Amino acid sequence: MASTSDIKNGFTFRHSHDIYSVIEFQHVKPGKGAAFVRTKIKSLSTGRVLSETFPSGHKVDEVRVERHKMQYLYKDDMGFHFMNAESFEQATIPEALIENPGFMREGDTVEVLYNTEDNTALTVDLPQYVEMEVTYTEPGVKGDTATNTLKPATIETGAEVRVPLFVNTGDKIKIDTRSGSYMSRV
């Protein structure tokens, strides 16, 4: 058991029959009344973000987790297959645990969060930015740069991203994996 004084960003604990990770927290000590901790927590099973307030000194059930660097191998009907970069063990992880699987290429390295109690995967974290090649997009017309207009583009993994009009087929682009948005040309 851990108390609210142990809460920090990335802290994982069991709450309401689910495992949550702290996204942000703030220790509040009002002029009148008892202190409390205001948190934003994310469910690791559903991905939902909740705002929760805990009284100071409240006990929470800490969950021990480990982060492993794993290499994405391939996808089949069983799920996504990964290999641990240190022990070379292979694991199959369902698509529901991966936030944006369309931005993973075979051979990419990702971080997998494991629950150490039962050795199950909780989440798969992609790098914040990835560089991909545009395999298809409509050609841009010269002079169409006055507005911030976006057009659809298909990248090498088959995912679709909205890009500015000046991006052409064959260009390499930088993509934010959290939002799936275009960042820049590479």
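Residues numbered from 1 in each chain as written. Predicted model: local features only at pLDDT ≥ 70, side-chain atom pairs only at ≥ 80, totals over all residues. Heavy atoms only, no water.

Undergrad: Before we move on, could you go through the nonpolar core and cite the residues and values that matter?
TA: Phe82, Phe103, Met104, Val124, Ile155, Ile173 and Ile175 are the most contacted members of the largest nonpolar core, which has 27 residues in total. Residues lining this core come from more than one domain, with at least three contributed by each of domain 2 (65-125) and domain 3 (129-185). (Core = buried A, V, L, I, M, F, W, Y, C linked by side-chain atoms within 4.5 Å. Buried < 20%, exposed > 50% of the residue type's maximum accessible area, 1.4 Å probe, protein only. Domains from an automatic or database assignment.)

Undergrad: An account of the sheet that holds strand 3 (residues 18-28) is needed here, citing residue identities and associated values.
TA: On the basis of which strands lie adjacent, the open sheet formed by six strands has the order 1-6-2-3-4-5 and antiparallel pairing. Of all strands in the sheet, those with a lone pairing partner are strand 1 (2-3) and strand 5 (49-55), marking the two edges. By the bridge criterion, eight bridges tie strand 3 to strand 4 (residues 36-43) in an arrangement that is antiparallel. The residue bridging Phe25 from the neighbouring strand is Thr39, located in strand 4. (Pairing = 2+ DSSP bridges. Helix = DSSP H or I, 4+ residues; strand = E, 2+ residues; numbered from the N terminus.)

Undergrad: How would you explain the domain arrangement of the protein if you had to name every residue and give the values?
TA: When its domains are assigned, the protein resolves into domain 1 (2-62), domain 2 (65-125) and domain 3 (129-185). Here the C-alpha centroids of domain 2 and domain 3 sit 27 Å apart. Contact residues are listed per partner, giving six residues for domain 2 and twelve residues for domain 3. Buried surface at the junction of domain 2 and domain 3, summed over both partners, amounts to about 660 Å²; 57% is from carbon and sulfur atoms. Interface area lost by domain 2 to domain 3 is led by Gly102, Phe103 and Arg105, which between them contribute 80%. Our count for the domain 2 to domain 3 interface comes out at one salt bridge. (Contact = heavy atoms within 4.5 Å. Buried area = accessible area lost by both parts, 1.4 Å probe. Salt bridge = Lys/Arg side-chain N within 4 Å of Asp/Glu carboxyl O.)

Undergrad: A description of the pairing of strand 8 (residues 79-84) should follow, citing residues and the corresponding values.
TA: Strand 8 sits mainly inside the fold: six of its six residues count as buried. Judged from the six bridges that link them, strand 7 (residues 65-76) and strand 8 form a sheet pairing that is antiparallel. Directly across from Tyr74, in strand 8, lies its bridge partner His81. Adjacent in sequence and paired antiparallel, strand 7 and strand 8 are bridged by two residues. Both strand 8 and strand 9 (residues 90-93) contribute to a ladder of four bridges, which runs antiparallel. Each bridged residue has a counterpart across the sheet, and for His81 the counterpart in strand 9 is Thr92.

Undergrad: Please give an account of the sheet that holds strand 11 (residues 120-125) that cites residues and values.
TA: With respect to topology, five strands assemble into an open sheet ordered 9-8-7-10-11, the strand pairing being antiparallel. The open sheet is flanked by strand 9 and strand 11, the only strands paired with a single partner. Taking the axes of each pair of neighbouring strands and ignoring which way they run, one obtains an average angle of 45° across the sheet. Two strands pair when backbone bridges link them, and strand 10 (residues 109-115) and strand 11 are joined in this way by five bridges, in the antiparallel orientation. Across the sheet, Glu111 pairs through a bridge with Asp125, a residue of strand 11. (Axes fitted to C-alpha atoms, helices over the stretch in contact; angles between N-to-C directions.)

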